[in-house]
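# A closer look at the structure
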Amino acid sequence: VQLVESGGGLVQPGGSLRLSCAASGFTFSSYAMNWHRQAPGKEREWVAAITGAGGIINYADSVKGRFTISRDNAKRTVNLQMNSLKPDDTAVYYCNTNIGGRNYWGQGTQVTVSS
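Read on for an overview of the structure. As the structure is a computational prediction, the values presented were derived from the model and not from experiment.

In this structure, Trp35, Val78, Leu80, Met82 and Tyr93 are the most contacted members of the largest nonpolar core, which totals 30 residues. Counting only elements with at least two residues in this core, the list comes to strand E3 (17-24), strand E4 (33-38), strand E5 (45-50), strand E7 (67-72), strand E8 (77-82), strand E9 (91-99) and strand E11 (109-113). Sequence-distant contacts of tyrosine 93, defined by excluding residues within four places in its chain, comprise Glu5, Leu19, Trp35, His36, Arg37, Phe67, Leu80, Met82, Gly108, Thr109 and Val111.

Shown next as structure tokens:
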């Protein structure tokens with residue numbers, strides 16, 4: 001299983017970024033995918049989730065209405081569109097899946113929201 005995130009960077013408050021996670025090594029369409037984030041000095045927190053077929057989506061209250069999770073099973077990617085970014089969104093963002101009770105993580109991509 002390999003998960004590779006991309007798309008992070010520096011953005012001003014109110015701006016947007018689109019993160020992507022490329023997956024390989026498992027039957028992608030069969031598994032839910034999640035985005036998590038970890039800010040400096042804080043525990044990793046769950047951000048959003050999408051089921052294998054994309055029919056069920058959930059968000060943390062802190063990002064609801066601003067972030068959109070989506071997936072393209074043909075391309076084996078899961079995306080996170082982040083709008084109206086705030087300084088509190090600054091964190092390393094990770095994609096994640098759980099297969100057979102084991103969690104798999106990417107290496108993360110840094111998102112910094114600052115003026």
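Our next topic: the side chain of asparagine 34. Tracing the sequence through the fold places asparagine 34 in strand E4. With a relative accessible area of 16%, asparagine 34 lands in the buried category. Polar contacts involving the side chain of asparagine 34 include one to the side chain of tryptophan 46, which spans 3.4 Å.

Strand order in the open sheet made by the four strands is E1-E3-E8-E7, with antiparallel pairing throughout. The sheet terminates laterally at strand E1 (2-6) and E7, the two strands that pair on one side only. Between one strand axis and the next, the sheet turns through 15 degrees on average, direction left out of account.

This part is about the environment of leucine 85. When you line up the elements, leucine 85 lands in the loop between E8 and E9. For leucine 85 and threonine 112, which are 27 residues apart along the polypeptide, the C-alpha to C-alpha distance reads 9.4 Å. Beyond its immediate chain neighbours, meaning those up to four positions away, leucine 85 contacts Val11, Pro13, Gly14, Gly15, Ser16, Leu17, Arg66, Phe67 and Val113.

Moving on, we come to the side chain of aspartate 89. As for its position among the elements, aspartate 89 is in the loop between E8 and E9. Residue aspartate 89 is classed as buried on the basis of its relative accessible area of 1%.

Further remarks concern the pattern of salt bridges. Here the structure, examined in full by the defined rule, presents four salt bridges. Across the salt bridge formed by arginine 37 and glutamate 45, the nearest N and O atoms sit 2.6 Å from each other. Accessibility expressed as a relative area gives 5% for arginine 37, which makes it buried. Arginine 66 is paired through a salt bridge with aspartate 89; the nearest N and O atoms lie 2.7 Å apart. Pair noted here: arginine 66 is in the loop between strand E6 (57-59) and E7 and aspartate 89 is in the loop between E8 and E9, with a separation of 23 residues, a long-range link. Within the structure, one salt-bridge network assembled from shared partners comprises Arg37, Glu45, Arg66 and Asp89.

Parameters at a glance
Residues numbered from 1 in each chain as written. Predicted model: local features only at pLDDT ≥ 70, side-chain atom pairs only at ≥ 80, totals over all residues. Heavy atoms only, no water. Core = buried A, V, L, I, M, F, W, Y, C linked by side-chain atoms within 4.5 Å. Buried < 20%, exposed > 50% of the residue type's maximum accessible area, 1.4 Å probe, protein only. Helix = DSSP H or I, 4+ residues; strand = E, 2+ residues; numbered from the N terminus. Contact = heavy atoms within 4.5 Å. Polar contact = N/O pair within 3.5 Å; in protein donor to acceptor, adjacent residues only side chain to side chain. Pairing = 2+ DSSP bridges. Axes fitted to C-alpha atoms, helices over the stretch in contact; angles between N-to-C directions. Salt bridge = Lys/Arg side-chain N within 4 Å of Asp/Glu carboxyl O.

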